[in-house]
Amino acid sequence: MKEDIKISIIIPVYNAEEYLKECLDSAVSQTIEQKEILCVDDGSSDGSFLILQRYQEKHSCIKIFRQENKGAGEARNMGLQYAQGKYVSFLDADDLYMDPRALEEMIYTCENMGVPVCAGLRRYYYKDGTIEDYELYREYFEDGRNPDGVVLCFRDRQDEYFYQNYIYDMSVIREKKICFPTYRRYQDTLFFLRYMVSIEKYVVLPLEFYGYRFSDEAVSRKETYLEDTLKGIRDNAMIAKEYHLDKLKEVLAYRISEEYSAAIIKNANPEIWKLLCEIRTILFSGNTEEKKPKSEKPKSEKSESEKSVSERSVEIVCSFIAGNFNGNSLGAYLKKQGKAGVAVYGLGNFGMMTVEQLKKAQDLKIYGVDRKVKEREGIVIGPLEEINRQCDIIIVTPVKGNREIVAEVKKVWNGSVYGLGEILLKIEKQG
């Protein structure tokens, strides 16, 4: 490691010609003079490599490396292999640094306060030109508070996203041998967690640091390399269990039940099912030795009242998949029971997943009850009193307060009322 290089900026590049120039300009313009910019071309087929070459000719701090397409994690690992800076920062090729003074101030803060990590703030850049402040850490700086930054402990927050918002002391990476796993998705969170559980404290500055370019592709990518995503969540769950990070367990359960649930159910296969069962065991089982998935859903000895909202949410995802695998899906079950119309109470994430499962059964009329949602394709939405006259069963989908909502609906509903988890469990037992 060369002492005269303060920071290494690592940029994985794959077919990023649309935004690459703006990205490189933001890195080159950082006021810290002792920097190197390591650009790793990950098998680009567009004009990205030519852009890199032209920038290298103008700026001696830029170094270019190439590899066949292996993914961003492998590209960042190559950058780490050659990095000579005391600190390292990661920048994606379609993103940018917003404040040219950011890295210099963050390095100064690390060295002045004796901490290995410093973070800044984040903004989203949308295609229509809109720029939006992201909430991460902003609560500490409202009304001009903490102008010199705040010192935080990772255990108090237990985040796993947004590793690009930080600069890291390379000595910790070397000492702990921290790198990015070879997964095509969700590999950055594991790098971040392994690093943050290795340190005690870090600092956050009120700097507008990282500009993240949000696109429709970012949403659609949730269905690509889904098995790698689940492997990443599984590995993070193991860290959460090892270090007793209960908040992180809740976050990971949220990833399964909210962010990735629709993609998981839609694309479920035996490998995805196996990983999902393993994650569930790690997050919610007290048996630390039971880490291998079983052929069927792990059974819990807890009563329903003892389970957290997150545990019940993950169970619902598992139940949807189990029903689809054994040919006894929710819609098919209700058709066998002679039901002609079903009302879905609550059209949030689980409500819409329930609707999608019901649509698989032909000629089953679907109704919706929701105070906020007025229109959804293929669903007749109306107040409880009106829907009550058109079908004989209602499924209450919100997980939080489910029992209480079911009890209230039963007071005014003429037909059968089930909580979503309750009816899915009933189907599983019969299947």
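Up top you'll find the structure we're talking about.
These numbers were taken from a predicted model, which means no experiment stands behind them. (Residues numbered from 1 in each chain as written. Predicted model: local features only at pLDDT ≥ 70, side-chain atom pairs only at ≥ 80, totals over all residues. Heavy atoms only, no water.)

Trainee: Would you take a moment to explain the overall build of the protein for this structure?
Mentor: When you go through the protein residue by residue, the secondary structure sums to 18 helices and 15 strands. If one aligns the C-alpha atoms of the protein with their principal axes, the spans along those axes are about 75 × 50 × 45 Å. Looking at the protein residue by residue over its 431 residues, the buried ones come to 54%. Once local pairs closer than 6 in sequence are excluded, the contacts in the protein between residues at least 24 apart make up 74%. For the protein, the accessible area works out to roughly 20600 Å², and carbon and sulfur atoms hold 46% of it. (Helix = DSSP H or I, 4+ residues; strand = E, 2+ residues; numbered from the N terminus. Buried < 20%, exposed > 50% of the residue type's maximum accessible area, 1.4 Å probe, protein only. Contact = heavy atoms within 4.5 Å. Areas by Shrake-Rupley, 256 points an atom, 1.4 Å probe, with all protein chains shown as cover.)

Trainee: Before we go on, may I ask you to explain the packing of aromatic side chains in this structure?
Mentor: Here a ring pair, both rings aromatic, is described through the centre-centre distance and the interplanar angle of the planes. Inspection of the entire model under this criterion finds 31 aromatic pairs. A ring pair is formed by tyrosine 161 and tyrosine 186, whose centres lie 6.2 Å apart and whose planes are at 70°; its orientation type is edge-to-face. In this pair, tyrosine 161 sits in the loop between α5 (154–157) and β9 (166–169) while tyrosine 186 sits in the loop between α6 (170–176) and α7 (187–196), placing the two residues 25 residues apart along the sequence. Judged by relative accessible area, tyrosine 186 falls into the buried class, the value being 7%. Seen from the ring of phenylalanine 49, arginine 66 lies directly overhead, with NZ or CZ sitting 3.6 Å from the centre. It is arginine 255 that lies over the ring of tyrosine 161; its NZ or CZ is 3.6 Å from the centre. (Phe/Tyr/Trp six-rings, centres within 6.5 Å; stacked < 30°, edge-to-face > 60°. Lys NZ or Arg CZ within 6 Å of the ring centre and 35° of its normal.)

Trainee: Just to check I follow, could you spell out the pattern of salt bridges for this structure?
Mentor: Should their charged atoms come close, side chains of opposite charge can pair. Applying the stated rule across the entire model yields 21 salt bridges. For the salt bridge of glutamate 111 with lysine 86, the shortest nitrogen-to-oxygen distance reads 3.2 Å. Highlighted residues: glutamate 111 in helix α4 (residues 102–113) and lysine 86 in the loop between α3 (72–82) and β4 (87–90), separated in sequence by 25 residues. Residue glutamate 208 pairs with arginine 138 through a salt bridge whose shortest N-O separation is 2.8 Å. Linking glutamate 208 in strand β10 (residues 201–213) with arginine 138 in the loop between β7 (131–133) and β8 (150–153), this pair joins segments that are 70 residues apart in sequence. (Salt bridge = Lys/Arg side-chain N within 4 Å of Asp/Glu carboxyl O.)

Trainee: How do you make sense of unusual backbone geometry when you look at a structure like this?
Mentor: Glycine aside, a negative phi is what most residues show, and trans is what most peptide bonds show. Even without glycine at this site, aspartate 143 takes up a positive phi of about 60°. Take aspartate 143: it is sitting in the loop between β7 and β8. We classify aspartate 143 as exposed; its relative accessible area is 79%. Positive phi is not limited to glycine here, since phenylalanine 162 has a value of about 70°. Tracing the backbone shows phenylalanine 162 in the loop between α5 and β9. Residue classification places phenylalanine 162 among the buried positions, given a relative accessible area of 15%.

Trainee: Which parts of the structure should I look at to understand empty space enclosed by the protein?
Mentor: One way to see where empty space is left: roll a probe the size of a water molecule over the atoms. Within this structure, the stated rule accounts for one cavity of 30 Å³ or more. By volume, the largest cavity is sized at about 50 Å³. Lining of the largest cavity is provided by Ser319, Phe320, Gly323, Asn324, Asn328, Ser329, Leu330, Gln357, Leu424, Ile427 and Glu428. Going through the elements one at a time, α13 (309–325) and α18 (420–430) are the ones with two or more residues in the lining of the largest cavity. Counted by class, the lining of the largest cavity contains four nonpolar, six polar and one charged residues. (1 Å grid on protein atoms, 1.4 Å probe; cavity = no way out; pocket = protein on both sides within 12 Å on 5 of 7 lines; lining within 4 Å. Points joined across faces, edges and corners; volume = space filled by probe spheres on them. Nonpolar A, V, L, I, M, F, W, Y, C, P; charged D, E, K, R; others polar.)

Trainee: Help me understand the packing of helix α10 (residues 246–259) against helix α12 (residues 270–284) in this model?
Mentor: The relative placement of two packed helices comes down to the angle between their axes together with the axis-to-axis distance. The geometry of α10 relative to α12 is characterised by a closest axis approach of 10 Å and an angle of 155° between their N-to-C directions. Looking at the two axes, α10 sits roughly antiparallel to α12. Relative to α12, the crossing made by α10 is left-handed. Listed contacts from α12 to Lys249, Leu252, Ala253 and Ile256 of α10 are Leu276, Ile279, Leu283 and Phe284. Taken together, the residues of the contact of α10 with α12 sort by class into seven nonpolar, no polar and one charged. (Axes fitted to C-alpha atoms, helices over the stretch in contact; angles between N-to-C directions. Parallel < 35°, antiparallel > 145°, perpendicular 65-115°, else oblique. Left-handed = near helix turned anticlockwise from the far one by under 90°.)

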